[in-house]
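Listed below are the residues making up each chain.
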Amino acid sequence: QNISLIYYRKNDLVNCKIYVEEALKIQPDNIVMLEKLSYLLMREGNIEEQAKIDQKLFFLKPDNSKISERLIDWFERIENLQNAIFHLKNYLKSYPYDQVRLKQLSKISNQAGMNSLELSALKKLEELGSKLDPDHHLKVGRASLSLGQQERAAMAFQKHLSKNPESSGLHFQLAKLYRQQ
């Protein structure tokens, strides 16, 4: 463990990794060494192995939002949407105003068909007063509609149309909504 630190300080990451791996053979759940190995793997660009180490770290430190943050993009990349959402929610407990991650939560929730979660992320973005995507209200409308919230959907669609009057398909959708009410 101490020898790896010496190599680390000298920026000799190859030898540092050798001693980190040796330390982990003796103590496989050593959090400090696992975190160091995760960092070394990231520096090598070995994201697949890093994700495996980060998952083990998360198992040992389940509320660590920084580990969750590293796992979000990994799970999204391999299209494991449930785990990406799990880690996004865990991360957002510690960083509730991270607008980039809120947008990511809304997008992945939509892909996973979790419209109420998508809607709550979109609403949070509005509450934060963040610069909204051009199709923000369209997304709110679609999520609301899928949850059977016609009135909220109609209001969101109207907001979208006021900024994008050329959306002819949306005019039709809105007319249909008004006929249903």
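See the structure above.
What counts, and where the lines are drawn
- Residues numbered from 1 in each chain as written.
- Predicted model: local features only at pLDDT ≥ 70, side-chain atom pairs only at ≥ 80, totals over all residues.
- Heavy atoms only, no water.
- Helix = DSSP H or I, 4+ residues; strand = E, 2+ residues; numbered from the N terminus.
- Expected span 1.5 Å × (residues − 1).
- Buried < 20%, exposed > 50% of the residue type's maximum accessible area, 1.4 Å probe, protein only.
- Contact = heavy atoms within 4.5 Å.
- Salt bridge = Lys/Arg side-chain N within 4 Å of Asp/Glu carboxyl O.

A. Inspection of helix α8 (residues 115-127) at higher detail. Taking 1.5 Å per residue, 13 residues should reach 18 Å; α8 reaches 18 Å between its end C-alpha atoms and fits that length. Taken together, the buried positions of α8 are occupied by Asn115, Leu117, Glu118, Leu119, Ala121, Leu122 and Leu125. Against α6 (81-94), α7 (99-111), α9 (136-146) and α10 (150-163) lie the buried residues of α8. Where α8 terminates, the next one or two residues include Gly129, which has phi positive at roughly 70 degrees.

B. Seen up close, the pattern of salt bridges. Here the structure, examined in full by the defined rule, presents 14 salt bridges. One salt bridge connects Glu22 with Lys25, and the closest N-O pair in it is separated by 3.1 Å. Here Glu22 pairs with Lys25, and both are found in helix α2 (residues 13-26), just 3 residues apart, close to one helical turn. Here Lys61 makes a salt bridge to Glu35, at a shortest N to O gap of 2.9 Å. Pair noted here: Lys61 is in the loop between α4 (47-60) and α5 (65-77) and Glu35 is in helix α3 (residues 31-44), with a separation of 26 residues, a long-range link. Judged by its relative accessible area of 26%, Lys61 is partly exposed. Judged by its relative accessible area of 30%, Glu35 is partly exposed. Through salt bridges with shared partners, a single ionic network connects Lys66, Glu69, Asp73 and Arg101.

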